[in-house]
Amino acid sequence: MNAATTAAHAPIRDGARARRLLVGLTGGIGSGKSTVAAQFAARGAAVVDTDEIAHQLTAPGGAAIAAIRAEFGDAVIRADGALDRDAMRERAFGDPSVRRRLEAILHPMIRAESQRRLAAAQGPYAMLVVPLLVESGDRAGGVDRVLVIDCPVDVQIERVMRRSGLTRARVESILAAQATRAQRLAAADDVIDNSGEPAALGVQVDALHRRYAGDA
Ligand SMILES: Nc1ncnc2c1ncn2[C@@H]1O[C@H](COP(=O)(O)OP(=O)(O)O)[C@@H](O)[C@H]1O
Ligand SMILES: [Mg+2]
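These notes cover the structure that comes with them. (Residues numbered from 1 in each chain as written. Chains lettered and ligands numbered in written order. Predicted model: local features only at pLDDT ≥ 70, side-chain atom pairs only at ≥ 80, totals over all residues.)

**Points about the overall build of the chain**
No. 1: The helix and strand tally for the chain stands at 12 helices and 5 strands.
No. 2: A total of 216 residues make up the chain; the buried ones form 28% of that total.
No. 3: At a minimum sequence separation of 6, the contacts of the chain that also span at least 24 residues come to 71%. (Helix = DSSP H or I, 4+ residues; strand = E, 2+ residues; numbered from the N terminus. Buried ≥ 20, exposed ≤ 12 C-beta atoms within 10 Å, placed from the backbone. Contact = placed C-beta atoms within 7 Å.)

**Topic: the pairing of strand E1 (residues 22-26)**
The side chains of a regular strand alternate between both faces of the sheet.
No. 1: A large share of E1 lies buried, amounting to 5 of its 5 residues.
No. 2: Of the two faces of E1, the one carrying Leu22, Gly24 and Thr26 and the one carrying Val23 and Leu25 are both buried.
No. 3: Judged from the 4 bridges that link them, E1 and strand E3 (residues 126-129) form a sheet pairing that is parallel. From the neighbouring strand, leucine 25 faces E3, where its bridge partner is valine 129.
No. 4: Bridge count between E1 and strand E4 (residues 145-150): 4 bridges; the pairing is parallel. By the bridge assignment for E4, valine 23 is matched with arginine 145. (Pairing = 2+ DSSP bridges.)

**Some thoughts on the nonpolar core**
No. 1: Membership of the largest hydrophobic core comes to 28 residues, with the highest contact counts inside it found for Val23, Leu25, Val47, Met127 and Leu128.
No. 2: Broken down by secondary-structure element, the contributors of at least two residues to this core are E1, helix H2 (33-42), strand E2 (46-49), E3, helix H7 (133-136), E4 and helix H12 (201-213).
No. 3: In this structure, Ala64, Ile68, Ile77 and Leu83 belong to the second largest nonpolar core, which totals 5 residues. (Core = buried A, V, L, I, M, F, W, Y, C linked by C-beta atoms within 7 Å.)

**What about the environment of valine 153?**
No. 1: Structurally, the position occupied by valine 153 is in helix H9 (residues 153-164).
No. 2: Discounting residues that sit within four places of it in the chain, valine 153 has contacts with Leu175 and Arg181.

**So, the packing of helix H3 (residues 50-57) against helix H6 (residues 96-120)**
No. 1: Packing of H3 against H6 leaves a shortest axis separation of 10 Å and a crossing angle of 120°. As the angle between them shows, H3 and H6 are arranged oblique. Where H3 crosses over H6, the two elements pack in a sense that is right-handed. Across the interface between the two elements, Thr50, Ile53, Ala54 and Leu57 from H3 touch Leu106, Met109, Ile110, Glu113 and Ser114 from H6.
No. 2: Its residues assigned to classes, the contact of H3 with H6 shows 6 nonpolar, 2 polar and 1 charged. (Axes fitted to C-alpha atoms, helices over the stretch in contact; angles between N-to-C directions. Parallel < 35°, antiparallel > 145°, perpendicular 65-115°, else oblique. Left-handed = near helix turned anticlockwise from the far one by under 90°. Nonpolar A, V, L, I, M, F, W, Y, C, P; charged D, E, K, R; others polar.)

This is how it looks when you write it as structure tokens:
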């Protein structure tokens, strides 16, 4: 059996697997990705969050700042040395190439740092949190399974408004730029329903953790 066949069709745990299972965790903004990822981490999974890496790369002193400054100038760097996201968004508005140029700087750095952290992290399986996994269309560079955190769009909007203080219109515009709930569910191998109370997550996380770790 070749590697590609193994990844796509083998049981979750396979004695022939050459490396740890890599689960890609995704979901829309506010769906509960960070909340759920923390629960897998608490159970011993090797969890790496690409959003956290992106933030660190673009924080004051971050490894991507020099390249971003060279590409876009001082106007997109705040006084404290961090990427000015609002200024960047302004630039991207009306010039579609801006986002691509920013991604050309960030994505290879995020990929390299993700690989480094995954290799260093202990755990029976690994989990990579990738907010735009479905949108990227390439299964985020080779995850074995896609786990989608799902909740209704209305619930998503309420949670993001409560967390961030953004207006409903602003949250809706962010959602409009992401995959739809149906597109995400169509790409899912596994789904966690986060439409209810946080307490409803534990039993779902337990069941998937056992499967991913190969105990059930
Ligand atoms: N089941 C839930 N019930 C109520 N609030 C929740 C629930 N799950 C997550 N939250 C809250 O909603 C917000 C978004 O969750 P988060 O895990 O940060 O989502 P994401 O990482 O997908 O953007 C956070 O403030 C979180 O504490
Ligand atoms: Mg998050």
